[in-house]
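Structural features, examined
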Amino acid sequence: MAMELDVFVGNTTIMDEEVYQLWLDGYTVSDAVKVRMEGGVMEECEASADVLLSDTMDQYRTFQMCERLLYSPAKLANQLLFQIPPHRQAILIERYYAFDDAFVREVLGKKLSKGTKKDLDDISAKTNVTLKSCRRQFDNFKRVFKVVEELKGPLVENIRQHFLLSDKLARDYAAIVFFANNRFETGKRKLQYLTFQDFAFCAGQLINNWTVGAVGEQIPTDHQRSFRFYMDVDLDKEFLQELKELKILITDKDLLDQHKSLVCTALRGKTKAFNEMEANFKNLSRGLVNIAAKLTNTKDVRDFFIDLVEKFIEPCRSDRWTAADMKLYLTHYTNSAHILDTFKHQVVWDRYMGVIKSCIFKMFHD
Amino acid sequence: MPGKLKAKIVAGRHLPVMDRASDLTDAFVEVKFGNTTFKTDVCPKSLNPQWNSEWFKFEVDDEDLQDEPLQVTVLDHDTYSANDAIGKVYIDIDPLLCNEAASVISGWFPIYDTIHGIRGEINVLVKVELFNDLNRFRQSSCGVKFFCTTSIPRCYRAAMVHGFVEELVVNEDPEYQWIDRIRTPRASNEARQRLISLMSGELQRKIGLKVLEMGGNAVVGYLQCFDLEGESGLVVRAIGTACTLDKLSSGSAPNTATHTHPNTAPASNACNSPSKDGKESPLAHGCRSTHNSPVHSACSAQRLSQNFSVSVPTLIFTGMGSGGSAGKEAGPLKTLLRQQTQTALEQREFPFFTLTSFPPGFLVHVGGVVSARSVKLLDRIHNPALGNTRSYKLLDWNSVTADEPETRDAWWEEIRQEIKSHAKALGCHAVVGYSESTSICEEVCILSASGTAAILNPRYMREGCLDIGIVDHRFEDPSPPSCGFCHIPYDELNMPFPTQLTYCYHCRRQKVPDVLFTTIDLPPEAAVTGKGCLIQARLCRLKKKAQGEVNATAISNLLPFMEYELHTQLMNKLKLRSMNALFGLRIQISIGENMLLGLASATGVYLTALPAPGGIQIAGKTPGDLSNEHHILTIQKRINDTIAKNKEIYQINPPELTEEVVGSPIPEPRQRSRLFRSHSESSDEVSELDLSHGKKDAFVLEIDDTDAVEDIHSLLTDATIPTGFNSCNTEIMPGIYNWTSAVQMFTSVRVFRLSNANLTNQGLNKIFTDLCENLLKSFYFKLRSMIPCCLCHLNFTVAVPEEELIQVAVTAVAMTYDKDQTQEKPAEKPITKGCIETEEQLQFPMELCADSSSTNTQLSSKISGVQETTNVSSRAASVDYGSFADRCSTWLELLRLKAHTIRRGSVKTSRRTQSLAHSVSSLERSSPVPDGRSRSLRSTRGFGGSSVTVVKMTPLSFLPGTRIIKYLGIINMFFIRETTSLREEGGVSGFLHSFIAEVFAMVRAHVAALGGNAVVSYSMKECVFMENPNKNQAQCLINVSGDAVICVRETDQEPVPSNIGQTCTSETDGAT
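Residues numbered from 1 in each chain as written. Chains lettered and ligands numbered in written order. Predicted model: local features only at pLDDT ≥ 70, side-chain atom pairs only at ≥ 80, totals over all residues. Heavy atoms only, no water.

Naming follows an unreviewed UniProt entry, where chain A appears as Fibroblast growth factor (acidic) intracellular binding protein a of Sparus aurata.

Have a look at this one:
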């Protein structure tokens, strides 16, 4: 029966999680009904297609009305229009801000601008995520970005507080914001094999170690500094500057040789790939140190991941290193630098290599 | 004497952006009461302004306090042009005028605009200082409590039930004033909202005055309606039952909060006959009707009135326990009884009661449903003073307003008189479960009234209340409460209508009818076999379009046929479910331009006291025809199967009676030559007990034409309820006692457009039936996660808003119950299980289940009761006695109380003050927050944060698992919403969906501001929806009402944790 008007409103807002997911996924009402019918709800409670349609429409309307509140989730808790129990609210928010890895992989590191938004239909076609859903996810990224961009304090914490997200999701959003802000290149073919979670992990490393906020308990000395202090979104400019000092590791011939011999001594007999390691040491070391030294350029920051892959991961892979080899090599490579008596930049080196090490481990897929 | 009203504007939040340039708003607030207006400062450039205003003080008459709402308008300051209104909040301050209700109103209110809906929220604080009014000639009635609840409210006891009060006020509808042509829709809507709010206030005040005159202090079962008569004006009318209520001290009101466990009282009390101890609640003071308006000399245009009285008989009463020859005595005793009660009741003009459930012992016998309808022409009100033209009225408004209420009063008076005489014909002196309604289409209006004819206990009727039980012993009526009310009140030799009488299957002493229809709730002590279910009869009748008198005549000619057919349908469906009584019967007839809709809803049950219904037998008209015969056989088989299946579903296994009923004076049933659709016919031989429907046909349906075939088909196509669901339209679902605490109130509206221009009656019926059935199916589907659950108080309202549109609106509540009735010891497990299940799924129980041992004992006692009812009737009865005795004891206590302190009309008695003090102190003890004031202050404190009070709503008078500790006042709100961008708001469905959600939100906000956490007896009394899709416009009016209350979990003293923030902690575990 086609109704002119058909509404159902509960004092406690009724929401079906399955329908919510279909709505989020951008299904039209009729597609959603089809999916639900196939899912077998009908047999379960002797309903007809009409009933299912009417229910789906009701729920879609409810979600649409709620959507506006979900833009600023804190409002959901103190609005009066819908009476929704807290754990339901949490689910609503969490699901609304959830995203498809396939989609986010496409926009990661891109500018969250209108231009990108225009390309969403291509992304939609490519990822099999409906355009509607792409738009929601994109708008979510943009909204979160806008809000936390100017905020002081730890990025993850800011996101969690403003959007009431779970820790995991807040971390993912932090990664997305961080990537968008620094415009890291992730779309190149060579990087295609990396998943969003790989990048999110790396972003976490960078945020925790290379941003101003990462330095931690430093007492700010002047106002200027205190403003800078908690910004988590940008890399620590001072640190990037200091990275240049690491160049000595490759420019000073003695140091390079000394470093190499220390590493090789430590590695000998412990790996099958020893010969390749020995042969490639200088190349690899140059690669890593050069990446460090160039990070003051915004352009090179963007290429950070591609550089890691090109300068380090690819050579190693072509030499058939295993993940264990990689671990072994990088550990000794990092630690040996401490024994070099002429090398004075231990702190910077550790801060740099700590991140590089964990990023490479993550990015090196067997 | 004046009172002082104080208001403080604290803050706003989530305001809309009013200045596009800055994306901000410069908001300020106007606070208006009567003709006085105050303004706050402008809070520039903020969507979350903090005004923290001074206290605005209004010094006003208490009369105004009752009539006027406090009007809070939020505006956006504009330096150059006129200030833009953001929205308004109307705050009804009536609850503050009663010292027992709320003491402060404080909280966040949605800012409402009739065009844009809710636009942010505002935090307001309101207080009233009232000086005691000793003026005898005062016009105000502050302090009279109003309750929508149609039973004695849970934390009160009725010291006296005075009787019927009614009032109506009339005004011109602002939407039909000339000025409406030049003002904005917003202004027009606001004028209307304000006017109705004013009129409701005035109405309530006037009714309050009547109550005070009668010596009462409260109105229970207050039913206010408004009639939009269009050109001829706006009528706001109300009826109610005046009572003197005493507040129970919180300690002595143990189990008042729910119907769910009527069996907790010790069995020893159980056999105390209710009438033994002379409790006395005289309904003294004949009710004086203030409107003795002479009916204008037959003037009313054309008096088209047609009536219908359906009634099903019942018993008389039995001699006391040890087998007096009841049959013989019945006659004289009854006469005496009647004489006595009549004197008391005849003093009042209308012995009507809007209550639907009663203190034990109050209701003696029930006669049957009485109803009256009358068709009136609105544009033909003959007003001698004014002549015949409406235009004149518009010119001279004042004289009309003075006169018009009397015309309307006269109309209602006629109807009430009819009801009264119908009741008399049934041998009854009172009408209970009384209600009135109208249906208006253009200039034709149907006025309807219905109720249940009843005999009330004479002891409650007498003038004096001190002469307890002196004369009464002769009239002791020891009919067991579980069946007494079924016994016929009329003389069996002089029956008002043909019916079959048998001896009561429960006590075997008195006569009972074969079927019983009532408008009241099932008395909690009644003995019932199996479960009940919702039964609906639906009917559409086409009618030619016509004007004026012709139209009115056509309608009034159709009415009797509709009533008859609805009744037949009800009867058939009842039989099909193997049940023998209907409770909560409500027949609604709506007029449209080209059709009439009839919808009858009731809850069917099998009363143990009444005979088993016979089956339905199909008879062909031409017995010779073989193919026809075959056809009939198949139908007959289907019917029999359905009956058998229904018996199983509703667990109807009536006890077999071994002995034969003795000495039935009832003559052999007449020859059933033509029984088709005759509702009064029924057949079971009384002397012979035959429980199988197949052999002994009770009810014969004759198939003589296609119509009949259709009817039978529709009878059989009623969808069965999915397993796990039950439904009823009454307060209590017979057969379910162990409610758990999950509650989901909902409102659903559907409008169907008839596409086919030339429809037949049959086609329309099908459409209408499908519409209703599909709605129910939808509910079952949506609420599937609450299984096992019962849809209670299913209230259907039908309307024909336009030609070719049928609108059905439903408000009901779904409540979960514990399925494991058979378990001997229901430990915590099943309860928590039910709770967890629902939490995990779609519905959200707002409150954790009560988990104490007392729930268990309750449960187990209930459970045993349930089990036993199904097979042994006597046991079932004893279980019911328990509840009866339980209620009885409070009633007795009350009487003892009264003995100390009878001072008629005085509101306060020494004992009562004492008990009040007690209740306060116990509250203080139990919670750190002593009273409503500080409670709501506490809730305000959080306004910066994120806590919103959870407010439960239910159309029932109780919330399962909780105890109501305080009534905060009546909620009676009227809203209009209009849009000129219908498509943008999601079409008609989107528009109405958000409007209903907004109405809920506003009700909740007002309740929370009063310090409450629930609304009971909630109802949506009006939902008028009009659309014009071509113009992209729609308008809707909604009127809702209910009682704001504070309830606590049954098991503890603390108020139910009511902050989302608080509940959060306990619920998060399950959530993540």
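Once you've had a look at it, read on.
When helices and strands are tallied, chain A shows 22 helices and 1 strand. Across chain A, contacts joining residues at least 24 apart in sequence account for 70% of those joining residues at least 6 apart. Put simply, chain A shows about 16,000 Å² of open surface, and 52% of that area lies on carbon and sulfur atoms. Across chain A, 51 positive and 53 negative side-chain charges occur, with their mean positions spaced 6 Å apart. (Helix = DSSP H or I, 4+ residues; strand = E, 2+ residues; numbered from the N terminus. Contact = heavy atoms within 4.5 Å. Areas by Shrake-Rupley, 256 points an atom, 1.4 Å probe, with all protein chains shown as cover. Lys, Arg positive; Asp, Glu negative; His and termini not counted. Charge placed at Lys NZ, Arg CZ, Asp CG, Glu CD.)

Here the focus is the interface of chain A and chain B. Between chain A and chain B, the contact holds 45 residues from the first and 64 residues from the second. Between chain A and chain B lies a buried interface of about 4,900 Å² when both sides are counted; carbon and sulfur atoms form 63% of it. Contact with chain B buries surface across chain A, with E4, L5 and L80 of chain A losing the most and accounting together for 16% of the total. For the interface between chain A and chain B, the tally reads 5 salt bridges. D16 of chain A is the partner of R784 of chain B in a salt bridge, and the nearest nitrogen-oxygen pair spans 2.8 Å. Summed over the shared surface of chain A and chain B, the result is 23 residue pairs in polar contact (both at pLDDT 80 or more). (Buried area = accessible area lost by both parts, 1.4 Å probe. Salt bridge = Lys/Arg side-chain N within 4 Å of Asp/Glu carboxyl O. Polar contact = N/O pair within 3.5 Å; in protein donor to acceptor, adjacent residues only side chain to side chain.)

This part is about the packing of aromatic side chains. Centre-to-centre distance and the angle between the planes together describe a pair of aromatic rings. This structure, assessed with the given rule, holds 56 aromatic pairs over all chains. Measuring from ring centre to ring centre gives 5.5 Å for F179 of chain A and F199 of chain A, while their planes differ by 75°; the resulting arrangement is edge-to-face. Taken together, the residues F179 of chain A in helix α12 (residues 167-182) and F199 of chain A in helix α13 (residues 196-210) connect sequence positions 20 residues apart. F199 of chain A shares its class with F179 of chain A; the two are buried. One aromatic cluster is present, built from ring pairs that chain together Y20, W23, F63, Y96, Y97, F99, F103, F141, F163, Y173 and F196 of chain A. Cation over ring: K6 of chain B sits above W55 of chain B, and NZ or CZ is 5.1 Å from the ring centre. The ring centre of W108 of chain B lies 4.1 Å from the NZ or CZ of R13 of chain B, which sits over that ring. (Phe/Tyr/Trp six-rings, centres within 6.5 Å; stacked < 30°, edge-to-face > 60°. Buried < 20%, exposed > 50% of the residue type's maximum accessible area, 1.4 Å probe, protein only. Lys NZ or Arg CZ within 6 Å of the ring centre and 35° of its normal.)

With that settled, the discussion passes to the sheet that holds strand β27 (residues 789-799) of chain B. In sheet architecture, strand pairing relies on hydrogen bonds along the backbone and comes in two forms, parallel and antiparallel. The strand order β1(A)-β26(B)-β28(B)-β27(B)-β25(B) describes an open sheet built from 5 strands, whose pairing is mixed. Each end of this open sheet is capped by a strand with a single partner; those strands are β1 (5-10) of chain A together with β25 (725-727) of chain B. Direction aside, the axes of adjacent strands within the sheet are offset by 20° on average. In this sheet, strand β26 (residues 739-753) of chain B lies alongside β1 of chain A in antiparallel orientation, the contact comprising 6 bridges. Residue pairing for β26 of chain B: F8 of chain A is matched across the bridge by S748 of chain B. Sheet strands touched by helix α16 (residues 987-1009) of chain B: β1 of chain A together with β26 of chain B. Its angle to β1 of chain A, the strand with the most contacts, is close to 25°. (Pairing = 2+ DSSP bridges. Axes fitted to C-alpha atoms, helices over the stretch in contact; angles between N-to-C directions.)

Okay, the sheet that holds strand β30 (residues 962-979) of chain B next. Residue and element names in this part refer to chain B. Within the open sheet, the 4 strands sit side by side as β29-β31-β32-β30. Their pairing is mixed. The open sheet has two edge strands with one neighbour each: β29 (952-953) and β30. Inspection of the sheet shows strand β31 (residues 1014-1028) paired to strand β32 (residues 1033-1049) by 12 bridges, in the antiparallel sense. Bridge assignment links A1014 to a residue of β32, and that residue is V1045. Against the sheet, helix α2 (residues 185-214) makes contact with β30 and β32, and its axis sits at roughly 145° relative to β30, the strand it touches most.

Next up on the list: the nonpolar core. Note that soluble globular proteins tend to have their nonpolar side chains buried in a common cluster. Judged by nonpolar contacts, the single largest core of 253 residues is most densely connected at Y329 and Y352 of chain A together with I122 and L607 of chain B. Sort the elements by how many residues they give to this core and α16 of chain B lands first, with 14 residues. With 69 residues, the next largest nonpolar core counts C533, L534, A537 and F768 of chain B among its residues. (Core = buried A, V, L, I, M, F, W, Y, C linked by side-chain atoms within 4.5 Å.)

What follows covers the side chain of S590 of chain B. Residues and elements named next belong to chain B. Tracing the backbone through its elements, the reader meets S590 in strand β21 (residues 581-591). In this structure the side chain of S590 is engaged in a polar contact, spanning 2.8 Å, whose partner is the backbone oxygen of V798. Apart from the residues lying within four places of it in its own chain, the contact partners of S590 are S439, M595, L596, L597, V798, A799 and V800.

Residue and element names in this part refer to chain A. Here α12 crosses α13 at 80°, and the two axes come no closer than 9 Å. As the angle between them shows, α12 and α13 are arranged roughly perpendicular. Contacts between α12 and α13 involve K168, D172, A174, A175, I176, F178 and F179 on the former and, on the latter, F196, Q197, F199, A200, A203, L206 and I207. Here the residues of the contact of α12 with α13 sort into 11 nonpolar, 1 polar and 2 charged. (Parallel < 35°, antiparallel > 145°, perpendicular 65-115°, else oblique. Nonpolar A, V, L, I, M, F, W, Y, C, P; charged D, E, K, R; others polar.)

Let's shift gears to the pattern of salt bridges. Pairing between side chains becomes possible if they bear opposite charge and their charged atoms approach one another. All chains considered together, the criterion is met by 50 salt bridges over all chains. Of the charged contacts, one joins D31 of chain A and K34 of chain A as a salt bridge, the two residues approaching to 3.8 Å between their closest N and O atoms. Placement of both D31 of chain A and K34 of chain A in helix α2 (residues 29-39) is noted, with a separation of 3 residues, approximately one turn of the helix. The partner of E63 of chain B in a salt bridge is R205 of chain B, and the shortest N-O contact between them spans 3.6 Å. Separated by 142 residues along the polypeptide, E63 of chain B in helix α1 (residues 62-67) and R205 of chain B in helix α2 bring together distant segments of the chain. According to the relative accessible area criterion, E63 of chain B is partly exposed, its value standing at 26%. Several salt bridges converge on common partners, so that one network encompasses D16, R36, D55, D58 and R61 of chain A together with K782 and R784 of chain B.

This part is about the state of the cysteines. Chemically, a disulfide is nothing more than a covalent bond linking the sulfur atoms of two cysteines. All names here are of chain B. Taken as a whole and judged by the stated rule, the model has 0 disulfides over all chains. No disulfide involves C155; its sulfur sits 11 Å from that of C1047, the nearest cysteine. Since its relative accessible area comes to 5%, C155 is described here as buried. Counting only cysteine sulfurs, C772 is the nearest neighbor of C540, a cysteine outside any disulfide, at a range of 9.0 Å. (Disulfide = S-S within 2.5 Å.)

Attention shifts here to the pairing of strand β14 (residues 363-377) of chain B. Residue and element names in this part refer to chain B. Extensive coverage of β14 is indicated by the burial of 15 of its 15 residues. Of the strand pairs in this sheet, β14 and strand β16 (residues 444-456) are connected by 13 bridges, and their pairing is antiparallel. Each bridged residue has a counterpart across the sheet, and for L377 the counterpart in β16 is V444.

So, on to helix α7 (residues 548-576) of chain B. Since the α-helix turns once every 3.6 residues, residues separated by three or four places project in the same direction. All names here are of chain B. Compared with the 42 Å implied by 1.5 Å per residue over 29 residues, the 41 Å span of α7 between its first and last C-alpha is a close match. A bend of about 25° at L559 is the largest found in α7, and the proline P560 appears one to four places after it. At the exit of α7 stands S578, carrying a positive phi of roughly 60°. (Expected span 1.5 Å × (residues − 1). Bend = angle between axes of the 7 residues up to and from the residue.)

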